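Given next are the chains, with one letter for each unit.
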Amino acid sequence: MELKKDSNAVAIDMLLIVHSEKRRAAQATHLDSQADPGALLQNRGGFQGVRNGIQKWKELERNGFQGNLPENHCLQQPQVITSYDNQGTQLTVEIHPQDAMPQLFKKFSLAKRLQGDKNGNMRPRQPGGKDAHVYPWDRSSLKSMTLDLQHFEKLDASASQVTVKSGLDELVSDLLQEAHSDLERVRAIWIWICHHIEYDVEAAQEKNHQAFKPTDILRTQKTNCDGYAGLFERMCRIAGVQCVTVPGYSKGFGYQTGQSFSGEFDHAWNAVYLEGRWHLLDSTWGSGLVDTSTSKFTFLYNEFYFLTHPALFIEDHFPDNKNWQLLKPPQSLRQFENNMYHKSEFYNKGMLSAHPEVPMIRTVNGKATVTIESCAPTLFMFMLNGKQEHGLLSLRKNGMKLEVYPPTMGTHKLQIFAKGNSEIYSSVLEYTLKCNYVDFSVRLPTELHQPVGPSWFSEQMGITKPSHPDPIIHTSDGRCSISFGVEEGISVLASLHGDDGLITEEMQRRYIFQLNRGKRTELKVQLPHAGKFALKIFVKKRQEQGNFVFVFNYLLCCANTKVNWPVFPESFGNWGQDNELLEPLSGVLPANRNIAFKLKLHGIAKALVKGQDTWPLTLNPEGYWEGSCNTAGCQEVYVMVLENANHNFYSYILKYKVNDQ
């Protein structure tokens, strides 16, 4: 459009460029165009602003503007007028001196790259009602849209191997070779950043908020969260995908449970527009983690932060604009501070919920209880103030239950860990315990390891149908008998542990006597005194080399102070798995007495008892070896067997002590 006045008039060339990008991006584009900021006249009322601008120009012209304008307003340079209507439509007008040729912006190509989507929309739409997800989480998916991660396998492998050759444009072009949709374009960019850009810990510790330029990030391959988000946005724009950077608060590196947030925002992430809806992601946290003890960054890809369900994303991300929560109803900052923080591994390992749902727990009568629900059997462990003590953790098919008894009043840190397919336990929850009372009657043995009681895990390890399914066994006389099925080819080992130091390591197994009857194993236990003991159960496949593996333990409790049971007889290595001892079970025999023996021994040619003299045992019709001996003049008594009738030497299988006379 051209407006003429007379031969001395100024020709006005209007170039209409209509886009629909956010004002921030539109402004950035104009600043990039190197237009004089003083010449940018913006009016939010729509095209009327252009008319007002032209009227203002005419007034200047009537007032002799040719000789009265400041030097930087000289009409030898094109002047720019920009206006927006209420829907964000942009109109830009360039005014040139007479006889000058109309020109587009010098960097219009960059503006075109920043237009955001294939439809020429340069100003990303603000999130609205159709973008919002219901809060709290409905357990339907960890993602904000339906994804088949297997579909990305080839794309992920390709994107992770792309290298930087020159600049950002070529990098994005290389990444998009295998991408055929906006979702795949975003995925390729995400994978590349998460596998190539390292978090700059030093810059974060120095609170260095300098702007990391994309060229510098590509050169050093290090940046802070602002740099991650800015690079991601820039690459998405080049790829033609709408993307914005979202600043806010986070429960990230250095976060303390119950912490409040104020002042400057400490984090930045991104929102991308896919399939008609906004979605959230955080490439900083997707790339790896910082070890709090060493302050070193480690690449450790985390799928959780790619298109995370907003009801889960809000647990550790609070945006400056509540609309970018993508939630209905949105959460307040106070709710964000007080809500329970489930770490990403909580959901990665298949957990659904935890109770209590607040980060701070006050004990009741000296005890705090935590339960977790999971969608599959999961192994758990806990630490109270950095130690695996003062708690009872029992496994369930759909989670676990933990009872904790803090040893002192005051504040305590409780951490809960879970184990997935790897051998590593990952932290999933942290609580702060407030304890104002200590129940000293519930003092637990230090050697009580986790888990307590039989579970799906012990069944998986070959121990089935236990006689005592509960983790705690109370005995009034200090004795108990525990039995369970044992799968074929599995060996079982048990040991008893207390805290008083009276039981030496070599005596730990002497208070347990193991009997094997067919496919069931029985453990006869006699406690040395009153108190609480950990009965540990270990298993091992007989055909495999290596040590026994801990499976679970029982907590044995006895309040009877008169209890004082002796040890069982000592068994030697060739005491057979299927052997059975009926009597005598006490490992300490009285002096000067006749003692009856009854045993079931398999594959034995002869058996005898040796003390001061030798007494043979005979095999009865029921298959038991029977006989007796006299302990006069003896300090020790042995049961010996001849395994083969053709042999002429006997082997020791049991050893008894005799009381002093």
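Residues numbered from 1 in each chain as written. Predicted model: local features only at pLDDT ≥ 70, side-chain atom pairs only at ≥ 80, totals over all residues. Heavy atoms only, no water.

A. Region of interest: the overall build of the protein chain. The number of helices and strands found in the protein chain is 15 helices and 40 strands. When each of the 661 residues of the protein chain is scored for burial, the buried share is 49%. The contacts in the protein chain between residues at least 6 apart in sequence include a share of 66% that link residues at least 24 apart. Put simply, the protein chain shows about 33300 Å² of open surface, and 48% of that area lies on carbon and sulfur atoms. (Helix = DSSP H or I, 4+ residues; strand = E, 2+ residues; numbered from the N terminus. Buried < 20%, exposed > 50% of the residue type's maximum accessible area, 1.4 Å probe, protein only. Contact = heavy atoms within 4.5 Å. Areas by Shrake-Rupley, 256 points an atom, 1.4 Å probe, with all protein chains shown as cover.)

B. Geometry of the sheet that holds strand S27 (residues 490-497). Taking strand neighbours across the sheet as the criterion, the 4 strands line up as S25-S31-S30-S27 in an open arrangement whose pairing is mixed. Of all the strands in the sheet, just strand S25 (472-474) and S27 have a single pairing partner and so form its edges. Within the sheet, the average angular offset between the axes of one strand and its neighbour, ignoring direction, is 25°. The pairing of S27 with strand S30 (residues 531-541) spans 8 bridges and is antiparallel. Counterpart to Ala494 in the pairing with S30 is Ile537. (Pairing = 2+ DSSP bridges. Axes fitted to C-alpha atoms, helices over the stretch in contact; angles between N-to-C directions.)

C. Representation of unusual backbone geometry in the model. Residues His355 and Pro356 are joined by a peptide bond in cis, for which omega reads 5°. Within the fold, Pro356 resides in the loop between strand S16 (351-355) and strand S17 (360-362). Looking along the chain, the bond that leaves Glu583 and enters Pro584 is cis, with omega of -5°. Among the structural elements, Pro584 can be located in the loop between strand S33 (580-583) and strand S34 (588-589). Positioned with a positive phi, Ser295 is a non-glycine residue whose angle comes to about 55°. Mapped onto the fold, Ser295 is located in the loop between strand S11 (288-291) and strand S12 (296-299). Positive phi, normally seen in glycine, also occurs at Lys465, with a value near 45°. Examined against the element boundaries, Lys465 turns out to sit in the loop between strand S24 (463-464) and S25. Lys465 sits in the exposed class, given a relative accessible area of 67%.

D. Region of interest: the pattern of salt bridges. According to the stated counting rule, one finds 20 salt bridges in the structure shown. Among the ionic pairs, Lys143 bridges to Glu303, the shortest N-O distance being 2.8 Å. Of the two residues, Lys143 sits in the loop between strand S5 (133-134) and helix H5 (153-160) while Glu303 sits in the loop between S12 and strand S13 (306-308), which places them 160 residues apart along the sequence. For Lys143, a relative accessible area of 11% puts it in the buried group. (Salt bridge = Lys/Arg side-chain N within 4 Å of Asp/Glu carboxyl O.)

E. Structural detail: the sheet that holds strand S20 (residues 391-396). Pairing is antiparallel across the open sheet formed by 4 strands, whose spatial order is S16-S18-S21-S20. Only two strands of the sheet have a single neighbouring strand rather than two, namely S16 and S20. Along the sheet, successive strands turn relative to each other by an average axial angle of 10°, direction set aside. The pairing of strand S18 (residues 368-374) with strand S21 (residues 399-404) spans 6 bridges and is classified as antiparallel. Its bridge partner being in S21, Val370 is matched across the sheet by Leu402.

F. Quick look at the packing of helix H7 (residues 182-196) against helix H10 (residues 225-238). As a packed pair, H7 and H10 sit with axes 10 Å apart at the nearest point and diverge in direction by 145°. Between H7 and H10 lies a crossing of right-handed hand. The segment H7 lies against H10, with Val186, Ile189, Trp190, Trp192 and Ile193 engaging Tyr228, Leu231, Phe232, Met235 and Cys236. Within the contact of H7 with H10, the residues separate by chemical class into 10 nonpolar, no polar and no charged. (Left-handed = near helix turned anticlockwise from the far one by under 90°. Nonpolar A, V, L, I, M, F, W, Y, C, P; charged D, E, K, R; others polar.)

G. Just the environment of Gly350, in detail. Checked against the element boundaries, Gly350 lands in the loop between helix H14 (344-348) and S16. A sequence separation of 26 residues divides Gly350 from Ala376, and the C-alpha atoms of the two residues are 6.7 Å apart. Non-local contacts of Gly350, meaning those with residues more than four positions away in its chain, are made with Ser374 and Cys375.

H. Region of the structure containing the packing of aromatic side chains. Applying the stated rule across the entire model yields 25 aromatic pairs. Judged by centre distance (5.1 Å) and plane angle (65°), the rings of Tyr273 and Trp278 are edge-to-face. Positioned over the ring face of Phe306 is Arg187, at 4.7 Å from the centre of the ring. The residue whose ring lies beneath Lys251 is Phe336, and the NZ or CZ to ring-centre distance is 4.6 Å. (Phe/Tyr/Trp six-rings, centres within 6.5 Å; stacked < 30°, edge-to-face > 60°. Lys NZ or Arg CZ within 6 Å of the ring centre and 35° of its normal.)

I. A look at the side chain of Thr223. Locating Thr223 in the fold gives a position in strand S7 (residues 222-223). Residue classification places Thr223 among the buried residues on the basis of a relative accessible area of 1%. With residues near it in sequence (within four places) discarded, Thr223 still touches Ile197, Glu198, Tyr199, Asp200, Phe212, Ile217 and Tyr228.

J. Molecular detail of the pairing of strand S10 (residues 277-281). The buried count for S10 comes to 4 of 5 residues, which makes it a mostly enclosed element. Note: strand S9 (residues 267-274) against S10, 5 bridges, orientation antiparallel. Each residue of the ladder has a partner; that of Tyr273, found in S10, is Trp278. Where S9 folds back onto S10 in an antiparallel hairpin, the turn is made up of 2 residues, including Glu275, whose phi is positive at roughly 50°. Both S10 and S13 contribute to a ladder of 2 bridges, which runs antiparallel.

K. Representation of the nonpolar core within the structure. With 119 residues, the main nonpolar core has Phe232, Met235, Ile416, Tyr431, Leu535 and Leu556 as its most contacted residues. The element best represented in this core is H7, accounting for 9 residues. Residues within four places of Leu556 in sequence aside, it is in contact with Ile473, Cys480, Leu496, Val525, Leu527, Gly531, Lys532, Phe533 and Leu535. One finds Phe513, Ala591, Val637 and Val639 within the second-largest nonpolar core, a separate group that totals 25 residues. (Core = buried A, V, L, I, M, F, W, Y, C linked by side-chain atoms within 4.5 Å.)

L. Up close: the environment of Asn270. Relative to the helices and strands, Asn270 is located in strand S9. Not counting chain neighbours up to four residues away, the residues in contact with Asn270 comprise Tyr228, Ala229, Phe232, Glu233, Cys243, Val244, Thr245, Val246, His279, Leu280 and Leu281.

M. The arrangement of empty space enclosed by the protein in detail. Using the criterion set out here, one finds 4 cavities of 30 Å³ or more in the structure. Of the volumes computed, that of the second largest cavity is approximately 40 Å³. Lining the second largest cavity we find Trp269, Leu280, Pro310, Phe313, Ile314, His317, Pro319, Trp324 and Gln325. At the level of secondary structure, the elements contributing two or more residues to the lining of the second largest cavity comprise helix H12 (310-313) and strand S14 (317-319). Its residues placed into classes, the lining of the second largest cavity shows 7 nonpolar, 2 polar and no charged. (1 Å grid on protein atoms, 1.4 Å probe; cavity = no way out; pocket = protein on both sides within 12 Å on 5 of 7 lines; lining within 4 Å. Points joined across faces, edges and corners; volume = space filled by probe spheres on them.)

N. Representation of H7 in the model. Here H7 spans 21 Å end to end across 15 residues, near enough to the 21 Å set by a 1.5 Å rise per residue. Along H7, 13 of the 15 residues are buried, which leaves the element largely enclosed by surrounding structure. (Expected span 1.5 Å × (residues − 1).)

O. The confidence of the model for the protein chain, seen in detail. Here the protein chain averages 82 in pLDDT, while 79% of its residues score no lower than 70. Counting contacts from residues 1-78, a segment whose pLDDT is below 50, to residues more than four positions away or on other chains yields 154 contacts. In the model, residues 96-121 has pLDDT below 50 throughout and makes 57 contacts with residues more than four positions away in sequence or in other chains. (pLDDT = per-residue confidence, 0-100.)

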